[in-house]
Amino acid sequence: MVIFYYAVALIVVILDQLAKWLVLKGMALGESIEVIPGFFFLTSTRNTGAAFSILEGQMWLFYLITLVVIAGILYYIQKYAKNRTLLGTSLGLILGGAIGNFIDRLFRGEVVDFVHLRFGSYDFAIFNVADASLTIGVVLLLISMLLEDRKTKEKTDGKNGSHHS
């Protein structure tokens, strides 16, 4: 089952890098293409910081943090995710997203962003496939942790003879 989680990560990396390559080859920096009128645009931008341009220009810090995160995820997948599909899938999505943006930072010195959503007059931060994968992975990880916590409480309550309604 562990191989499935690595396959999820690999698929994310391939989709992310392919989408970024298409943006780099097909769009000028700053160009925007309206896909769904007033809502979804492809906008070619670059980001030298983290999410929402935090810590812009601190590449050495991103290399270090990303390598630590990747090592931690690999450890968790091997040690804890073997028969826990939701946990493993969430970690695979996080791993793929982390590697996708790491490749950009390593080879381009910046991250290619292009998914641009508008909600009325509000412009959401422009992001990419790796960012979306990281976000979905973190949400699934939180759900996995909540479900695991609930199971643990139910087992504990069952052993103590307590019943909660």
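Here the structure is shown first, and the text comes after it.
Throughout, residues of each chain are indexed from 1 in the direction in which the sequence is written. With the structure being a predicted model, the display of local features is reserved for residues of pLDDT at least 70 and the display and counting of side-chain atom pairs for 80 or more, all residues being used for whole-chain, interface and lining totals. Side-chain measures were taken over the full set of non-hydrogen atoms in the model, leaving aside hydrogen atoms and water.

**Q** Please clarify how a nonpolar patch on the surface should be interpreted in this entry.
**A** Here the term patch refers to residues with relative accessible area over 30% and no salt bridge, with like charges joined within 9 Å and nonpolar side chains (Val, Leu, Ile, Met, Phe, Trp, Tyr) within 5 Å. All accessibility values rest on the Shrake-Rupley procedure with a 1.4 Å probe; residue burial counts only the protein chains present in the view. What counts as a salt bridge is simple: a side-chain nitrogen of Lys or Arg found within 4 Å of a carboxyl oxygen of Asp or Glu. A surface patch of nonpolar side chains, amounting to about 620 Å² of accessible area, comprises Ile-33, Val-35, Ile-36, Phe-39, Phe-119, Tyr-122 and Phe-124. What counts as a helix is a DSSP run of H or I of at least four residues, what counts as a strand is a run of E of at least two, and both are numbered from the N terminus. For the nonpolar patch, the element with the highest residue contribution is strand β1 (residues 32-36), accounting for three residues. Following the sequence through the fold, Phe-39 ends up in the loop between β1 and β2 (40-47). Buried means the residue's accessible area, taken with a 1.4 Å probe over protein chains only, is under 20% of the maximum for its type, while exposed means over 50%, and partly exposed covers the values in between. Judged by its relative accessible area of 33%, Phe-39 falls in the partly exposed class.

**Q** I'm lost on the nonpolar core in this one. Help?
**A** Nonpolar side chains in soluble globular proteins tend to end up buried together. Side-chain atoms within 4.5 Å are what join buried Ala, Val, Leu, Ile, Met, Phe, Trp, Tyr and Cys residues into a set we call a nonpolar core. Formed by Val-2, Tyr-5, Ala-9, Ile-70, Ile-73, Ile-77, Ala-81, Leu-87, Leu-91, Ile-94, Leu-95 and Ala-98, the largest nonpolar core amounts to twelve residues. Elements that contribute at least two residues to this core include exactly α1 (2-26), α2 (59-80) and α3 (85-108). Element by element, the count of residues in this core is highest for α3, at five residues. By the convention used here, residues are in contact when the closest approach between their heavy atoms is within 4.5 Å. Not counting residues up to four positions away in its chain, the partners in contact with Tyr-5 are Ile-77, Ala-81, Lys-82, Arg-84, Thr-85, Gly-88, Thr-89 and Gly-92. Listed in part, the eight residues of the second largest apolar core include Ala-19, Phe-114, Val-115 and Phe-127.

Geometric values such as these leave the question of function open.
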